[in-house]
Amino acid sequence: MSNCSDETPYSEEVFKDATPIRIAVYTIAPILAFFTTLIFIDSTVYVFEMIPNKSRRNKTIWVLLIYPTFTMCSVLALYIPRASLICKFASSIILAIAMYQFLKLMMDYYGGRQAMLTILQDSRISLNTLPVLCCFVCLPKGPLTERKLRILRRLVMQVGIVCPIVYFITCILWIDDKYNPGVLDPKEPFIYLSTASITSTIIAMQALSIVFMASRKPLVKYNITAKYITVQNALLFGNVQSIALNMLAAYEVIPCREPYPNRSRAEVIHNFLIVVEFFVLGLMARIFFRRRQGNLEKLIDSTMEKAEIDLDEKDIDMCMNKEKMEEEHVVKAGYLNGIDNKALDESDVITTNGNTVTTKC
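Keep in mind it's a predicted model, so treat the numbers as computed, not measured. (Residues numbered from 1 in each chain as written. Predicted model: local features only at pLDDT ≥ 70, side-chain atom pairs only at ≥ 80, totals over all residues. Heavy atoms only, no water.)

Considerations on the packing of aromatic side chains
Now for step 1: Throughout the structure, instances matching the rule amount to 10 aromatic pairs.
Now for step 2: Geometrically, the ring pair formed by Tyr179 and Phe190 is tilted, given 6.1 Å between the ring centres and 55° between the ring planes. Remark: Phe190 occurs in helix H9 (residues 190-215) and Tyr179 occurs in the loop between helix H8 (159-175) and H9; sequence separation between them is 11 residues.
Now for step 3: For Tyr179, a relative accessible area of 9% corresponds to the buried category.
Now for step 4: Taking NZ or CZ as reference, Lys227 lies 5.1 Å from the ring centre of Phe289, over its face. (Phe/Tyr/Trp six-rings, centres within 6.5 Å; stacked < 30°, edge-to-face > 60°. Helix = DSSP H or I, 4+ residues; strand = E, 2+ residues; numbered from the N terminus. Buried < 20%, exposed > 50% of the residue type's maximum accessible area, 1.4 Å probe, protein only. Lys NZ or Arg CZ within 6 Å of the ring centre and 35° of its normal.)

Written out as structure tokens, the structure is:
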């Protein structure tokens, strides 16, 4: 294979005449992937043991599954460059499912869909949020209705359909030698498939961002901001980073080096960055998802409990006021009828002129 051909190298060519930098990359990547997997196993065991709610437990594990999946797929793509598209296809499916599970997890923190609508019914939901609609400051604010929530859920869900289909078509075209990554030519499928993937990703990020911005204050004790950052960055690094590097390689910003052509070298850079990035994101996810605080209670339960406590305090105050008024009434009645005030301390029930007065509440 020539130095700058478009042919993707085979696995045996990767380790032929390897340079120290390449050896370091192929040594560090599996080590980081191993530790990312250990972090996931530790977090999963903790979640199974400490979170009794099965629904919340499953959603949390789906989100945590993003990081070992991407790191392991990227390591495989490093060692077997021709499997890169298949690895992306597999990881995109997990990412899409995990994104939707994270949206459902936010709803579960409220206590369910209806509880979320109840708590946010008086809030004004802003649509001009990152990454795109922030430019449109004139967008109106309004309450979160059931119809709007249903639309937002479907906008997040669509990435789980669009991106896997895009990668599946990409794999088929690549096998038939019809797919050239990074080539911005109307005759090439890369521009259309990349546009579909990026558009779907941005739409999902936008919908998730709207729900997050509405939930940032109500769910502050659930560390929702940190959790959202880990999921959002996983979506950004997983879908957009590869396309950007492929475009740089197509215009030879990333030069070719034996045994990698431009595009294969861009994939190597992308996969190694994914291993490092998702190791860091996996550590962050472990810190904020692997804890009992914010994973046992629901917001609607906490609100109801606080309301019940306030109601009990009001009942106690009313009872004390009623007891005080009745005691004053008995004292006055006893004074008028010549009753010894000592009886007030010895009995809770006093009869005056045939009328019984109870001093207990």
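There is more to say after this.
Points about the nonpolar core
Now for step 1: In this structure, Ile66, Tyr67, Met99, Phe102, Met116, Leu144 and Leu208 are the most contacted members of the largest nonpolar core, which totals 52 residues.
Now for step 2: It is helix H5 (residues 84-110) that contributes the most residues to this core, 12 residues altogether.
Now for step 3: When neighbours within four sequence positions are excluded, Tyr67 is seen to be in contact with Thr36, Thr230, Val231, Ala234, Phe278, Leu281, Gly282 and Ala285.
Now for step 4: Formed by 13 residues, the second largest nonpolar core is a distinct cluster that contains Val14, Tyr26, Ile39 and Val75. (Core = buried A, V, L, I, M, F, W, Y, C linked by side-chain atoms within 4.5 Å. Contact = heavy atoms within 4.5 Å.)

Section: the pattern of salt bridges
Now for step 1: Within this structure, the stated rule accounts for 6 salt bridges.
Now for step 2: Across the pair Asp42 and Arg286 runs a salt bridge, and its minimum N-O distance is 3.1 Å. In this pair, Asp42 is assigned in helix H2 (residues 20-50) and Arg286 in helix H11 (residues 262-289), connecting sequence segments 244 residues apart.
Now for step 3: Residue classification places Asp42 among the partly exposed residues on the basis of a relative accessible area of 29%. (Salt bridge = Lys/Arg side-chain N within 4 Å of Asp/Glu carboxyl O.)

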